[in-house]
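Examination of the molecular architecture
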Amino acid sequence: MGDTTVFDVLVIGGGPAGYTAALYAVRAGLSCLVIEKMAAGGQMCETAMIDNYPGFPEGVDGFTLGDAMGKGAARFGAKTVFAEVTALRLTESPKVAVTAEGSFFARTVIVATGATHRHLGLDGEQAMIGRGVGYCATCDGMFYRGKRVAVVGGGNSAVADALYLSGICQHVTLIHRRHELRASPIYLAPLKAKENLTLTLNSRAVALLGDTRITGVTVEENESGTRYDLPVDGVFISIGRDPITALVKGQLTLDDSGYIVADETTKTNLAGVFAAGDVRTKPLRQIVTATADGATAAYFAEEYLRQNNNA
Ligand code: NAP
């Protein structure tokens, strides 16, 4: 496919940051193309219920919110191509995004690629994905209806996953490596109220059991070093996320964890290139902060184009 048009703004990633950037860009009179590899909403689509995005008193599912954000930007003229970007050339003029659908060109680029699930690194983990190992409880939880599962992690995601799965599964064991959860205290009472949920603290999942499907997980207690096998049909790994920055490595400055270094202006080390949402260095990665970044990135993209007589 490809397109020889030189867009004012090219947004890489159609999550909340990306589509907010697109909305603000087109409303400022700029031409804008979003390249997204999955569906409008990006990783937000994996969240069954979002209760902390303002304006939805009953909550909203991620797919619906993502779809609405995409449509909102499209209403004012933002275009979307669904394709995976395989290379980004940010120092060229115009800047280039290469995809299996061809190449796309723009004067400014907003990188809104987000972050992806972190792996535990256990033997067989990769091979068992979809055969008992999962990273998205709200996507795959239904496959474990009436079964026993473990969730690994102690942050808000792991706890939310454990609570969600406890409504579907026969039993859930939440395995966390420290003696206290990282998750917000607001989750503690609902966790304790669940009769089919066991909290296993100070412990690590050290091995996956099963030949063709997961049959259990070996747990090691930190203090005693004691190991035991916990029989489960599924293990959900929810230990945080890593930024998706492979495409910009060597072009944009990254911090030690791989996030694109950019302050509240979303400006990166390259003029005309901005980083918005979870992929940027920032203290709080939430949908609401991602949308804020998107608006800011579009604002400064418009300023860059104006100052460079390109708009
Ligand atoms: P997170 O807050 O970084 O928590 C990651 C958890 O995984 C921590 O408990 C960590 O243990 C554990 N962990 C990391 N590496 C591990 C390893 N190799 N082995 C075992 N455990 C490991 O990540 P998150 O829960 O995905 O949340 C990401 C962000 O999204 C956070 O800012 C969170 O607040 C936000 N979020 C918010 C909501 C909400 O507000 N409702 C819901 C979901 C996510 P330690 O505690 O020992 O470091």
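Preceding this paragraph is the structure being described.
Since the structure is predicted, the reported quantities are computational estimates derived from the model, not experimental observations.

**Side note on the packing of helix 1 (residues 16–27) against helix 6 (residues 287–307)**
Following both chains from N to C, one finds helix 1 and helix 6 inclined at 35°, their axes separated by 7 Å at the closest point. The two elements helix 1 and helix 6 cross, and the hand of that crossing is right-handed. Residue-level inspection shows Pro16, Ala17, Thr20, Ala21, Tyr24 and Ala25 of helix 1 in contact with helix 6, the latter providing Ile287, Ala290, Thr291, Gly294, Ala295 and Ala298. In terms of residue class, the contact of helix 1 with helix 6 is made up of nine nonpolar, three polar and no charged.

**Comments concerning the pattern of salt bridges**
Under the counting rule described, the total for this entry stands at 13 salt bridges. Between arginine 107 and aspartate 8 there is a salt bridge; the shortest N-O distance is 2.9 Å. Of the two residues, arginine 107 is situated in strand 6 (residues 102–111) and aspartate 8 in strand 1 (residues 6–12); the sequence distance between them amounts to 99 residues. Among the charged side chains, a network of salt bridges with common partners joins Glu264, Arg280, Lys282 and Asp293.

**Digging into unusual backbone geometry**
Following serine 93, the chain continues to proline 94 via a peptide bond in cis, the omega torsion being -5°. Tracing the backbone shows proline 94 in the loop between strand 4 (85–89) and strand 5 (95–99). Even without being a glycine, asparagine 202 presents a positive backbone phi close to 55°. Secondary-structure assignment places asparagine 202 in the loop between strand 11 (197–200) and strand 12 (203–209). With relative accessibility at 23%, the residue asparagine 202 sits in the partly exposed group.

**Description of the site of the ligand**
For the ligand, the set of nearby residues contains 15 residues, the closest of which are Asn156, Ser157, Arg177, Arg178 and Arg182. Side-chain polar atom of serine 157 to an oxygen atom of the ligand: 2.8 Å apart, as the coordinates give it. Interatomic distance of 2.7 Å between a side-chain N/O atom of arginine 178 and an oxygen atom of the ligand. Contact with the protein chains covers 72% of the free accessible surface of the ligand, which is 920 Å². A per-class count over the shell around the ligand returns three nonpolar, eight polar and four charged.

**Topic: the sheet that holds strand 12**
The antiparallel open sheet is built from three strands, whose spatial order is 12-13-14. Of all strands in the sheet, those with a lone pairing partner are strand 12 and strand 14 (227–231), marking the two edges. Strand-to-strand twist in this sheet, taken as the mean axis angle between neighbours without regard to direction, amounts to 30°. With six bridges joining them, strand 12 and strand 13 (residues 216–221) adopt antiparallel strand pairing. Counted as the bridge partner of alanine 207 is threonine 218 from strand 13.

**Remarks on the nonpolar core**
In terms of nonpolar packing, the biggest core is built from 32 residues, with Val9, Val11 and Ile110 touching the most fellow members. Secondary structure elements with two or more residues in this core: strand 1, helix 1, strand 2 (32–36), helix 2 (62–75) and helix 6. With eight residues, helix 6 is the largest single contributor of residues to this core. Filtering out sequence-adjacent residues up to four positions away, valine 11 remains in contact with Gly18, Ala21, Ala22, Cys32, Leu33, Val34, Ile35, Ile110 and Ala112.

**Observations concerning the sheet that holds strand 8 (residues 133–134)**
Taken together, five strands build an open sheet; the order of strands is 8-15-9-10-11 and the sheet is parallel. Of all the strands in the sheet, the pair left with one neighbour each is strand 8 and strand 11.

**Focus: the packing of aromatic side chains**
Tallied over the full model, the rule gives three aromatic pairs. Between tyrosine 144 and phenylalanine 236 the ring centres are 5.4 Å apart and the planes differ by 80°, which places this aromatic pair in the edge-to-face class. Here phenylalanine 236 lies in strand 15 (residues 234–237) and tyrosine 144 lies in the loop between helix 3 (137–140) and strand 9 (148–152), a separation of 92 residues in the sequence. Considered together, tyrosine 144 and phenylalanine 236 belong to a single accessibility category, that of buried residues. Between tyrosine 299 and phenylalanine 300 the ring centres are 4.9 Å apart and the planes differ by 85°, which places this aromatic pair in the edge-to-face class. Note on phenylalanine 300: relative accessible area 15%, which makes it buried. The positively charged end of arginine 27 is found above the aromatic ring belonging to phenylalanine 76, 4.7 Å away from the centroid. Sitting above the plane of the tyrosine 259 ring, arginine 285 keeps its charged end 3.7 Å from the centroid.

**Focus: the environment of threonine 200**
Tracing the sequence through the fold places threonine 200 in strand 11. A residue is classified by how much of its surface remains accessible, and threonine 200, at 12% relative accessible area, is buried. Distance from threonine 200 to leucine 65, taken between C-alpha atoms, is 34 Å for residues 135 residues apart in sequence. Among all residues touching threonine 200, those that are not within four sequence positions of it are Thr173, Leu174, Ile175, His176, Val219 and Tyr228.

So, how was this worked out
- Residues numbered from 1 in each chain as written.
- Predicted model: local features only at pLDDT ≥ 70, side-chain atom pairs only at ≥ 80, totals over all residues.
- Heavy atoms only, no water.
- Axes fitted to C-alpha atoms, helices over the stretch in contact; angles between N-to-C directions.
- Helix = DSSP H or I, 4+ residues; strand = E, 2+ residues; numbered from the N terminus.
- Left-handed = near helix turned anticlockwise from the far one by under 90°.
- Contact = heavy atoms within 4.5 Å.
- Nonpolar A, V, L, I, M, F, W, Y, C, P; charged D, E, K, R; others polar.
- Salt bridge = Lys/Arg side-chain N within 4 Å of Asp/Glu carboxyl O.
- Buried < 20%, exposed > 50% of the residue type's maximum accessible area, 1.4 Å probe, protein only.
- Near = heavy atom within 4 Å.
- Polar contact = N/O pair within 3.5 Å; in protein donor to acceptor, adjacent residues only side chain to side chain.
- Areas by Shrake-Rupley, 256 points an atom, 1.4 Å probe, with all protein chains shown as cover.
- Pairing = 2+ DSSP bridges.
- Core = buried A, V, L, I, M, F, W, Y, C linked by side-chain atoms within 4.5 Å.
- Phe/Tyr/Trp six-rings, centres within 6.5 Å; stacked < 30°, edge-to-face > 60°.
- Lys NZ or Arg CZ within 6 Å of the ring centre and 35° of its normal.

The analysis is restricted to geometry; functional conclusions fall outside its scope.
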